[in-house]
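Structure assessment
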Amino acid sequence: MRLLALGVDHRSAPATVREALAFGDSRLGAGLDALRESFPGNEFVVLSTCNRVEVYAAGPADAAPDVDALSDFISEFHGLRHDAFASHLVGYHDEAVVGHLFRVASSLESLVLGEGQILGQVREAYRSAVDRKAAGPVFHAVFQNALRVGKLVREKTGMDQGKLSVASVAVDLAREVFDTFADKTVLVIGAGKMGDLTLQHLKALNPGRILIVNRNLGRAEAVAARWQGQAVPFERLNQALIDADLVISTTAAAEPIVTHDQYVRVQRARRNRLALILDIAIPRDFDPRIGDLDQVALYHVDDLRAQAEQNLSRRRKGVEPALQIIERETAACYTALRRQQDAGMLLRQLGDRADQVRERELEFLFQSLPQLTEADRAAIAHMASRLQNQFLHHPRAAVRSAASEPAPPDAPHPVLTAVRHLFGLADAPVPKPGLKKIT
Amino acid sequence: MDRLKILCFAGTYGLALAVELARVVVRSPLRWYAGVGLTALGWLVQTVYLANLAWTSGALPVTSPFESVMVLSWVVALIGLYLMVQWPRRVAVGFFTLPLVLGLICGAAWFIPRSTGRDWEGATAFWGTVHGMFLLAGAVCASLAFAAGLMYLAQMRRLKSRPVKKFGFSLPSLEQSERVNRGAVVAAFPLLTAGLLIGVLLSAVELRKGGAGTSHGVPWYDPKVLSAGGMWLVFAVLLHARFRPSMRGRTVMMLTIAAFAFLVFTWVGVEALRLPTAHGPARAGVTP
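Model, not experiment: these values are computed from the prediction.

1. Structural notes on the overall build of chain A
- Within chain A one finds 15 helices and ten strands.
- In terms of C-alpha radius of gyration, chain A reaches 32 Å, well past the compact-globule figure of 22 Å for 439 residues.
- Its C-alpha atoms put chain A at 115 × 50 × 40 Å along the principal axes.
- Residues counted as buried form 49% of the 439 residues belonging to chain A.
- Residue pairs in contact within chain A that sit at least 24 positions apart in sequence constitute 72% of those at least 6 positions apart.
- Of the roughly 21300 Å² that chain A leaves accessible, carbon and sulfur atoms contribute 53%.
- One way to put it: in chain A the 53 positive side-chain charges average out to a point 3 Å from where the 54 negative ones average out.

Right, dumping it as structure tokens:
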């Protein structure tokens with residue numbers, strides 16, 4: 001059995017190359033079918049996201065595609081010249097394939113460390129391969145383990161905890177303050193890019209109403225139209241503050257546009273309802289003392305950045321334990337895979353040897369007793385077949401059971417060795433160490 | 001022997017609390033199942049214990065302060081269990097409800113008299129039980145308001161810190177805690193008022209029958225009556241504050257905590273401090 005993973009990612013290739021090699025939704029099925037046709041008897045999974053395009057292949061040692069064959073296929077399938085992407089390709093062999101996939105699923109290889117999307121993308125890639133009958137027993141085991149390890153790493157290390165961008169930190173804070181958003185009003189002061197970006201994230205919360213205040217009403221109306229909001233003239237800022245539950249302020253004003261006393265009056269008019277203010281303007285739009293008011297949570301952009309950095313550093317702390325988990329799980333998965341392969345081969349050898357003996361003895365018997373009728377011969381052949389199966393039942397069960405037991409990675413299971421010796425079968429091939437990353 | 005039985009479910013709740021506290025360091029999803037499972041087990045054992053009390057006495061187990069506090073802890077545990085299952089798993093409900101449950105059980109087991117110390121019959125027994133039931137329901141609501149108040153204060157304190165602190169667990173949103181607190185306070189006040197009113201009327205009727213010291217009546221200057229009056233006033237102020245916009249948030253939550261402390265004192269403090277009272281078991285000189 002050989003495993004190969006070949007592709008490009010955000011580290012090895014620029015976006016143009018990744019885009020050229022991508023297997024989009026419409027081409028993924030065709031790609032898998034073409035891979036099966038080009039390399040029959042092999043298993044394939046194609047993982048294609050905006051940050052990586054990887055082809056995973058598994059097959060018998062004498063029929064599995066190598067790096068050249070697979071890169072030729074990629075070149076032909078995408079209609080690209082080889083030299084347009086070959087220098088960006090990264091490949092992994094055998095055990096390294098399993099380790100790489102586990103790291104990908106755990107989002108250690110992602111552009112944003114600990115991001116959650118990749119696990120779903122790995123699941124989707126595997127599901128597509130299963131649907132196209134491109135995945136077989138090897139990738140069932142490897143990908144199902146990858147999904148489990150990805151989940152395990154997140155659970156054990158908290159790798160997915162805490163957001164890393166200012167806008168998503170803001171969304172997290174909104175969820176800590178408010179329970180429901182359908183009855184909430186979001187107010188954006190300023191029609192800048194940052195407000196737009198934050199609003200894009202907050203829109204996922206489905207707020208009941210969005211108000212946009214800007215000195216230039218035309219720009220406010222443009223932003224409001226984009227987000228199905230309502231533009232409000234700057235002169236009515238106080239009323240908008242009274243109506244709002246969540247405020248995002250992004251103006252370029254040189255001085256605070258909302259003073260402490262002003263907001264005290266606003267808060268009184270709001271009947272002291274909970275308010276979350278995200279002041280992402282530099283310099284500040286809101287007097288920082290407003291944050292001391294009861295029922296008001298005020299965050300400046302520096303607070304949000306510090307929060308994002310703290311979250312990132314927490315995720316980085318999880319990398320080392322995550323790698324330890326992955327190393328352990330990779331070794332276990334690959335050993336189990338090899339053992340399954342060994343056991344499968346041994347069972348085939350055992351069956352073939354028994355068939356040979358049975359057929360030889362039947363032939364000898366039928367030659368020495370020519371008077372036997374066809375019916376007698378069929379009955380004797382059937383009895384010999386049943387006898388063979390009954391004799392082999394326990395050795396076969398023992399081999400299957402041994403294949404699923406944990407054992408040291410570099411040594412064959414003693415039961416498998418014993419069966420080989422007892423039935424005079426050829427020795428198992430010595431496991432090759434997993435080849436290292438090729439670049 | 002009785003305390004040993006109590007230790008069975010109190011110990012199970014204690015283990016559930018330990019599992020809940022472990023969420024700071026243990027990230028396995030099994031931890032949630034262990035926490036919910038242990039809380040449910042403790043609740044089931046407590047249910048059997050209370051059912052046995054009811055079976056033995058032939059009445060609902062609300063006839064003495066001990067039984068009432070046990071039932072109160074049982075209801076709070078059930079509400080906590082419901083919230084643990086209902087709210088997102090990352091929310092540390094047990095952090096707040098389980099210590100409350102354990103505190104009530106331990107307080108009842110070690111400091112509160114077991115006996116009713118009374119021999120009520122007929123209508124007096126009926127109205128006495130109704131009086132206890134209303135107060136118990138009010139206490140359940142007050143306990144819930146207290147837990148929600150603590151959650152609100154902890155969450156607000158966390159959100160005001162820079163950068164926002166990570167405890168290793170999540171708290172309900174401010175809005176959610178505020179909503180639970182508001183609902184519980186609004187429900188607690190009429191229930192406590194009804195309970196106290198029935199108690200006052202019952203006492204007045206009994207006093208008219210036989211006078212202080214000889215009947216089941218409790219005179220107005222009794223420490224139990226005075227503390228109950230004080231508690232009612234605190235709850236009235238709390239309800240008023242709940243609907244005053246300027247007092248929303250921290251002030252209401254602090255008042256909720258004060259009101260809960262008053263309720264605990266009124267319910268069991270008089271007996272625990274051995275103050276001279278003609279109410280309940282102290283009348284018969286029963287000691288914990």
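2. Re the overall build of chain B
- Within chain B, the regular secondary structure consists of eight helices and zero strands.
- Counting from the amino terminus, helix and strand elements in chain B follow one another as α-α-α-α-α-α-α-α.
- Across the 288 residues of chain B, 51% fall into the buried class.
- A total accessible area of about 12800 Å² is found for chain B, and carbon and sulfur atoms account for 72% of it.

3. Examining a nonpolar patch on the surface
All names here are of chain B.
- Taken together, the side chains of Leu4, Leu7, Trp110 and Phe111 present a nonpolar region at the surface, about 440 Å² in accessible area.
- Of all the secondary-structure elements, those providing two or more residues to the nonpolar patch are α1 (2-21) and α4 (94-111).
- Residue placement: phenylalanine 111 occurs in helix α4.
- For phenylalanine 111, a relative accessible area of 53% corresponds to the exposed category.

4. Thoughts on the domain arrangement of chain B
Residues and elements named next belong to chain B.
- Its domain assignment divides chain B into domain 1 (1-117) and domain 2 (119-278).
- Put simply, the middle of domain 1 and the middle of domain 2, counted by C-alpha atoms, are 20 Å apart.
- Buried surface at the junction of domain 1 and domain 2, both sides included, amounts to about 2200 Å², of which 83% is carbon and sulfur.
- Three residues, Leu72, Trp87 and Phe96, lead the burial of domain 1 against domain 2; their summed loss comes to 27% of the area buried on that side.
- Our enumeration of links across domain 1 and domain 2 arrives at zero salt bridges.
- Viewed at the interface, domain 2 and domain 1 are joined by two residue pairs in polar contact (both at pLDDT 80 or more).

5. Here we look at the sheet that holds strand β4 (residues 90-93) of chain A
All names here are of chain A.
- The strand order β2-β3-β1-β4 describes an open sheet built from four strands, whose pairing is antiparallel. The open sheet has two free edges, formed respectively by β2 (43-48) and β4, since each of these has just one partner strand. For this sheet, the mean angle separating the axes of adjacent strands, direction not counted, is 10°.
- Strand direction decides the pairing type here: β2 and strand β3 (residues 52-59), joined by six bridges, are antiparallel. From the neighbouring strand, leucine 47 faces β3, where its bridge partner is glutamate 54.
- In the packing of helix α2 (residues 25-38) onto the sheet, the strands contacted are β2 and β3, and the crossing angle to β2 comes to about 150°.

6. A few points about the interface of chain B and chain A
- Residue-level contacts link 25 residues of chain B with 32 residues of chain A.
- Between chain B and chain A lies a buried interface of about 2300 Å² when both sides are counted; carbon and sulfur atoms form 43% of it.
- For the pair chain B and chain A, the interface holds three salt bridges.
- Between Arg158(B) and Glu176(A) there is a salt bridge, with the nearest N and O atoms lying 2.2 Å from each other.

7. Brief notes about helix α7 (residues 223-242) of chain B
- With 20 residues, α7(B) should cover 28 Å at 1.5 Å per step; its first-to-last C-alpha distance of 28 Å lies within 8% of that length.
- For α7(B), the N-terminal cap is Asp222(B); the gap from its side-chain oxygen to the backbone nitrogen of Lys224(B) is 2.8 Å.

8. Topic: the environment of Ser12(A)
Residues and elements named next belong to chain A.
- Examined against the element boundaries, serine 12 turns out to sit in the loop between β1 (2-9) and α1 (15-21).
- For the pair serine 12 and histidine 88, spaced 76 residues apart in sequence, the C-alpha to C-alpha distance is 5.3 Å.
- Residues within four places of serine 12 in sequence aside, it is in contact with His88 and Val90.

9. Looking at the environment of Pro88(B)
Residue and element names in this part refer to chain B.
- With respect to the helices, strands and loops of the structure, proline 88 is situated in the loop between α3 (65-86) and α4.
- According to the relative accessible area criterion, proline 88 is partly exposed, its value standing at 38%.
- In sequence terms proline 88 and proline 172 are 84 residues apart; their C-alpha atoms lie 8.9 Å from each other.

10. Points about the side chain of Ser161(B)
Residue and element names in this part refer to chain B.
- With respect to the helices and strands, the residue serine 161 is situated in the loop between α5 (122-160) and α6 (174-210).
- On the basis of relative accessible area, serine 161 is assigned to the buried category, the value being 13%.
- In terms of polar contacts, serine 161 uses its side chain to reach the backbone carbonyl oxygen of arginine 158, at 2.6 Å.

11. Regarding the sheet that holds strand β6 (residues 209-214) of chain A
Residue and element names in this part refer to chain A.
- Strand order in the open sheet formed by six strands is β7-β6-β5-β8-β9-β10, with parallel pairing between adjacent strands. Across the chains shown, the open sheet's two edge strands, defined by having one partner strand only, are β7 (230-233) and β10 (296-300). Direction aside, the axes of adjacent strands within the sheet are offset by 20° on average.
- When strand β5 (residues 185-189) meets β6, the two strands line up parallel, connected through five bridges. Looking at the pairing, valine 186 lines up with isoleucine 210 of β6.
- The strands touched by helix α8 (residues 193-202) within the sheet are β5, β6 and β8 (246-249), with β8 carrying the most contacts at an inclination of about 150°.

12. Regarding the confidence of the model for chain B
Residues and elements named next belong to chain B.
- The predicted model of chain B has a mean per-residue pLDDT of 83, with 88% of residues at 70 or higher.
- Put simply, helix α8 (residues 250-272) is where chain B has its lowest mean pLDDT, 86, and helix α2 (residues 30-57) is where it has its highest, 91.
- Across residues 283-288 the pLDDT falls below 50, and counting only partners more than four positions away or on other chains, this stretch makes 16 contacts in the model.

13. Regarding the nonpolar core
- Counting 63 residues, the largest nonpolar core has Leu3(A), Phe44(A), Tyr56(A), Leu70(A), Val122(A), Phe139(A) and Phe143(A) as its most contacted members.
- In terms of residues, this core owes the most to one element, helix α6 (residues 137-157) of chain A, which gives nine residues.
- The contacts of Tyr56(A), once residues within four sequence positions are left out, are Leu4(A), Ala5(A), Glu43(A), Phe44(A), Val45(A), Leu47(A), Val97(A), His100(A), Leu101(A), Val104(A), Phe139(A) and Phe143(A).
- Tyr49(B), Val69(B), Val234(B) and Ala259(B) belong to the second-largest nonpolar core, a separate cluster that totals 56 residues.

14. Re the side chain of Thr198(A)
- Looking at the element boundaries, Thr198(A) is found in helix α8.
- Owing to a relative accessible area of 1%, Thr198(A) belongs among the buried residues under this scheme.

15. Thoughts on the packing of aromatic side chains
- If you walk through the whole model with that rule in mind, you get 14 aromatic pairs over all chains.
- Judged by centre distance (5.3 Å) and plane angle (20°), the ring pair of Phe23(A) and Phe77(A) falls under stacked. Taken together, the residues span a long stretch of sequence, with Phe23(A) in the loop between α1 and α2 and Phe77(A) in helix α3 (residues 67-78) at a distance of 54 residues. With respect to class, Phe23(A) is no different from Phe77(A); both count as buried.
- Pairing Trp32(B) with Tyr33(B) gives two aromatic rings, centres 5.1 Å apart and planes at 85°, and the pair type is edge-to-face.
- For Trp32(B), a relative accessible area of 13% translates into the label buried.
- Taking relative accessible area as the criterion, Tyr33(B) reaches 45% and is therefore assigned partly exposed.
- Taken together, the ring pairs in this structure connect Phe23(A), Phe39(A), Phe44(A), Phe73(A) and Phe77(A) into an aromatic cluster.

What counts and what doesn't
- Residues numbered from 1 in each chain as written.
- Chains lettered and ligands numbered in written order.
- Predicted model: local features only at pLDDT ≥ 70, side-chain atom pairs only at ≥ 80, totals over all residues.
- Heavy atoms only, no water.
- Helix = DSSP H or I, 4+ residues; strand = E, 2+ residues; numbered from the N terminus.
- Rg over C-alpha atoms; globule rule 2.2 N^0.38 Å.
- Buried < 20%, exposed > 50% of the residue type's maximum accessible area, 1.4 Å probe, protein only.
- Contact = heavy atoms within 4.5 Å.
- Areas by Shrake-Rupley, 256 points an atom, 1.4 Å probe, with all protein chains shown as cover.
- Lys, Arg positive; Asp, Glu negative; His and termini not counted.
- Charge placed at Lys NZ, Arg CZ, Asp CG, Glu CD.
- Patch = residues over 30% accessible without salt bridge, like charges linked within 9 Å, V, L, I, M, F, W, Y side chains within 5 Å.
- Salt bridge = Lys/Arg side-chain N within 4 Å of Asp/Glu carboxyl O.
- Domains from an automatic or database assignment.
- Buried area = accessible area lost by both parts, 1.4 Å probe.
- Polar contact = N/O pair within 3.5 Å; in protein donor to acceptor, adjacent residues only side chain to side chain.
- Pairing = 2+ DSSP bridges.
- Axes fitted to C-alpha atoms, helices over the stretch in contact; angles between N-to-C directions.
- Expected span 1.5 Å × (residues − 1).
- pLDDT = per-residue confidence, 0-100.
- Core = buried A, V, L, I, M, F, W, Y, C linked by side-chain atoms within 4.5 Å.
- Phe/Tyr/Trp six-rings, centres within 6.5 Å; stacked < 30°, edge-to-face > 60°.

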